Amino acid sequence: MENNFKISIDKDISIARTMPSYFYNSKDIFNKSINSIFRNSWQFVINKLSINHKLFPFFFIEGLIDDPYVLVLSDKLKILSNVCTHRAALLCSEKSNGSTIKCNYHGRVFNLNGELIKHFGFEGVKNFPSKEDNLIQIKHFDWNNFIFCSKDSMFNIQNIFDDICMRLPDYKFEDLVCDSKSSNKYIINVHWALYCENYLEGFHVPFVHKGLNDDIDYSQYDTEILDHAVLQIAKDKSNKIYAHYYWIFPNLMLNFYDWGLSMNIISPIGSNKTKIEFFSFPKKGMTQPKDIPSGINIVEEEDQKIVKSVQKGIQSSNYKSGRYSIKHEKGVHYFHLLISEYLK
C-alpha cells in the first residue's frame, strides 16, 4: 500500500474527518483489507437446525477467501480444515453421515477429530505421522444453534451475544427457524464498506425510508458502541422497542424484531462489487412482514438505491472526505476507527 494512502481516523469524533475517498477507490487498499480484516474475521456458517448430516462442507467467505472447511456434528461440534495434509486435495465434497473423513486422492483417512488414522505408501518416512499431518481445527461459536467460525479473530464474539441475551432476556431464540423463501441474495456494484456505513447510522431514515420512519419514533433512535460491534435501538411511537440492530465487525448484521431475526452478511467480491446475503429466521408460527412500506424488502431496495448513489459520488475528484455528525454517526466513526486499526 502506497505511503500516501495510509488510513488514519482521529479518535475524537468532534474533530475527525470521515474515511478518505481513496480507501474506496484503491485496489491495493482493498486487497490489504481482505487480508487484514476478513481473513481472520468471525463469519456465520449455518443454523444447526438446517443440517441433517454429520459432515457439512463449506467455504469460508465463498468467492473471496474460499478456505475449505467441514463442520462436524458428532459427539462434539467442531470445524476442521477440509484439505488433505498430504497433497491438498479437498476431502469432503458433499454433506454425508460418514464416520471418518477419507481423501479420494491417495487414500488417507482421518477420524472426526481430524487425526490421521490411516495412510498408504509412507514406509521409511521419518517422523511420520506427526501433528502436522492432522487436520487443523479452527475456532467456532455456537449460539442458540447459530454457528460462527474464525481462524484467528482478535476479539471474543461471545461478549456480543452475551449483550444480546442480556437485553432480550425473554426473546425465544430457540423458536427461530430459517425461512428460505423469505431469504435472498443480492449482488450490487458498490464497495462493501459503503453498505456497512449506511447500516451503521439511522441519520438517513427520515430522508430515505418514509415507511420505516412512519413506524418508529425517530427522536428516540439510539446508538451504542460495543467491543467490535455497534447496537442501534429503535422504538415505535408507543415507546415500545421496535428493533435491536446489531452489527459485528466487519460484516455481520443481526436485526431482532418481534416476529424474529433477519441476518445480513456483507461480503466483498471485488473492490466495487458486494454480495449481500439476507437470511430470514421468523419465530415459529410467525412470518416476516413483506411488501409494506416499512417491510425489510422495501427498506433494502431503498438502501441499495442510496448506496449506489454514494458509490458514484465517492469516485468523484471533487470529494476527499467529510465530517461526522456527533449525534448520529458515532457507529460509522467507530467502524472507520476499527478499519484504520486493522490496516496499520
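Below is a short write-up of the structure. (Residues numbered from 1 in each chain as written. Predicted model: local features only at pLDDT ≥ 70, side-chain atom pairs only at ≥ 80, totals over all residues. Heavy atoms only, no water.)

### Brief notes about the pattern of salt bridges
- As enumerated under the stated definition, the model contains seven salt bridges in all.
- A salt bridge links Asp 142 to Lys 48, with the nearest nitrogen and oxygen atoms 2.8 Å apart. On the criterion of sequence distance, the pair formed by Asp 142 in strand E8 (residues 137–143) and Lys 48 in the loop between strand E1 (43–47) and strand E2 (55–60) is long-range, its members being 94 residues apart.
- The network of salt bridges with shared partners includes Asp 163, Arg 167 and Glu 224. (Salt bridge = Lys/Arg side-chain N within 4 Å of Asp/Glu carboxyl O. Helix = DSSP H or I, 4+ residues; strand = E, 2+ residues; numbered from the N terminus.)

### Quick word on the nonpolar core
- Trp 247 and Phe 256 are the most contacted members of the largest nonpolar core, which totals 95 residues.
- Core analysis: the next-biggest nonpolar cluster, separate from the first, contains 16 residues, Val 70, Leu 91, Phe 110 and Phe 122 among them. (Core = buried A, V, L, I, M, F, W, Y, C linked by side-chain atoms within 4.5 Å. Buried < 20%, exposed > 50% of the residue type's maximum accessible area, 1.4 Å probe, protein only.)

### Remarks on the side chain of Lys 78
- Mapped onto the secondary structure, Lys 78 falls in strand E4 (residues 78–81).
- An unpaired buried charge is present at Lys 78: no salt bridge exists, and Asp 75, the closest side chain of opposite charge, is 7.2 Å distant.
- Of the polar contacts made by the side chain of Lys 78, one reaches the side chain of Ser 74; its length is 3.4 Å.
- If we skip the residues at most four places from it in the chain, Lys 78 touches Val 70, Leu 71, Val 72, Leu 112, Asn 113, Gln 137 and His 140. (Lys, Arg positive; Asp, Glu negative; His and termini not counted. Polar contact = N/O pair within 3.5 Å; in protein donor to acceptor, adjacent residues only side chain to side chain. Contact = heavy atoms within 4.5 Å.)

### Considering the packing of aromatic side chains
- In the structure shown here, the tally under the stated rule is 28 aromatic pairs.
- Measuring from ring centre to ring centre gives 5.8 Å for Trp 143 and Phe 146, while their planes differ by 40°; the resulting arrangement is tilted.
- By relative accessible area, which is 1% here, Phe 146 ends up buried.
- Through pairs of rings, three or more aromatic residues link up here, namely Phe 44, Phe 141, Trp 143, Phe 146, Phe 148, Phe 161, Tyr 171, Phe 173, Tyr 246, Phe 256, Phe 279 and Phe 281. (Phe/Tyr/Trp six-rings, centres within 6.5 Å; stacked < 30°, edge-to-face > 60°.)

### Some remarks on unusual backbone geometry
- Residue Pro 129 is bonded to the preceding Phe 128 through a cis peptide linkage, with omega at -5°.
- Locating Pro 129 in the fold gives a position in the loop between strand E7 (116–118) and E8.
- The phi torsion at Ile 61 lies on the positive side, around 50°, for a residue other than glycine.
- With respect to the helices and strands, the residue Ile 61 is situated in the loop between E2 and strand E3 (67–72).
- Since its relative accessible area comes to 8%, Ile 61 is described here as buried.
- Unlike most non-glycine residues, Asn 239 shows phi in positive territory, near 70°.

### Focus on helix H8 (residues 330–342)
- Taking 1.5 Å of rise per residue, the 13 residues of H8 would be expected to cover 18 Å, and the 18 Å separating its terminal C-alpha atoms lies within 8% of that figure.
- All of the buried residues in H8 are Gly 331, Val 332, His 333, Tyr 334, Phe 335, His 336, Leu 337, Leu 338, Ile 339, Ser 340 and Tyr 342.
- Contact partners of the buried residues in H8: helix H1 (21–25), helix H2 (27–38), helix H4 (192–199), strand E11 (222–226), strand E12 (229–235) and strand E13 (241–248). (Expected span 1.5 Å × (residues − 1).)

### Remarks on the sheet that holds strand E6 (residues 109–110)
- Spatially, E5-E6-E7 is the arrangement adopted by the three strands of the open sheet, whose pairing is antiparallel. For this open sheet the edge positions go to strand E5 (101–102) and E7, each flanked by a neighbour on one side alone.
- Two strands pair when backbone bridges link them, and E6 and E7 are joined in this way by two bridges, in the antiparallel orientation. From the neighbouring strand, Phe 110 faces E7, where its bridge partner is Leu 116. (Pairing = 2+ DSSP bridges.)

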